[in-house]
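Coordinates in review
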Amino acid sequence: MEFFKNFDVNAEIEAKEVGDFDNSPIPAGHYAVVCERAEETVTKSSNTEAIKFAWSVAEGPSKGRWLWDQLNVDHPTESYAKREAKRFQDICKATKTLSPKTAGDFPGTSCTVEVIIEPASNGYEAKNRIKSYLPSMPSESAAPAPAAAEAAPKRVGDDSWG
C-alpha cells in the first residue's frame, strides 16, 4: 500500500478530534441524497433481518451530512413487517433499483428524502428520521422545505450503526 511508504509516525498531522463534528439534526425538509452504504444485518433486539442504509446529503447547506435508516423487513409483527416492506418498495422506486438482489445494489444510487426531527426523549437528544423516499427532484427544489411535524413511531432495532 502506497500510504505506508510515506507515513511518518512523528509527523504533525492536523485532524479534527473524534467528537469534533456536528451531529445536531438538520432542518426538516426534502433533501437530495446519495446512498453511501447499505448492508443486510440481524437486529439485536428481535433477532430479525434488517437492511441498514447510510445516505449523504448531496447539495445545499447540509451537503455532506449523513442520514441513517434501518428497515426491519422480517419483523414478527405482520403489520410492522408490511409497513417496512412498503418503505423498502418506496426506496427501490425512488432510487430506480427495481430488482435488487442484495443491499449492495444501492450504494451510489440517489433519490430525495423527506426528513423530520424526532424530539428528544428517554435521555436521547433530538434526531433526524427519514419519513419518506421520493424520486430525485430537480436541483432547485431539493433545498430543505418545511415539513409537517408529527409524532413518529419508535423504531425497533439497533441504532448504534452510524
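Please refer to the structure placed before this passage.
Residues numbered from 1 in each chain as written. Predicted model: local features only at pLDDT ≥ 70, side-chain atom pairs only at ≥ 80, totals over all residues. Heavy atoms only, no water.

Summed over all chains, the structure comprises 7 salt bridges. Two residues, Arg87 and Asp69, come together in a salt bridge whose shortest N-O distance is 2.4 Å. Linking Arg87 in helix H2 (residues 78–95) with Asp69 in strand E3 (residues 66–71), this pair joins segments that are 18 residues apart in sequence. With respect to class, Arg87 is no different from Asp69; both count as buried. The shortest N-O distance in the salt bridge between Asp90 and Lys86 comes to 2.7 Å. With Asp90 and Lys86 both in helix H2 and 4 residues apart, this pair spans about one turn of that helix. A residue is classified by how much of its surface remains accessible, and Asp90, at 24% relative accessible area, is partly exposed. (Salt bridge = Lys/Arg side-chain N within 4 Å of Asp/Glu carboxyl O. Helix = DSSP H or I, 4+ residues; strand = E, 2+ residues; numbered from the N terminus. Buried < 20%, exposed > 50% of the residue type's maximum accessible area, 1.4 Å probe, protein only.)

Once that is clear, we can look at the pairing of strand E2 (residues 49–57). Most of E2 sits out of view: 8 of its 9 residues are buried. With 9 bridges joining them, strand E1 (residues 29–42) and E2 adopt antiparallel strand pairing. The partner of Glu39 across the bridge, within E2, is Lys52. Counting the residues between successive antiparallel strands, the hairpin from E1 to E2 contains 6 residues, one of them, Asn47, with a positive phi of roughly 50°. Of the strand pairs in this sheet, E2 and E3 are connected by 6 bridges, and their pairing is antiparallel. From the neighbouring strand, Ser56 faces E3, where its bridge partner is Trp66. (Pairing = 2+ DSSP bridges.)

No statement about biological role is implied by the geometric values presented.
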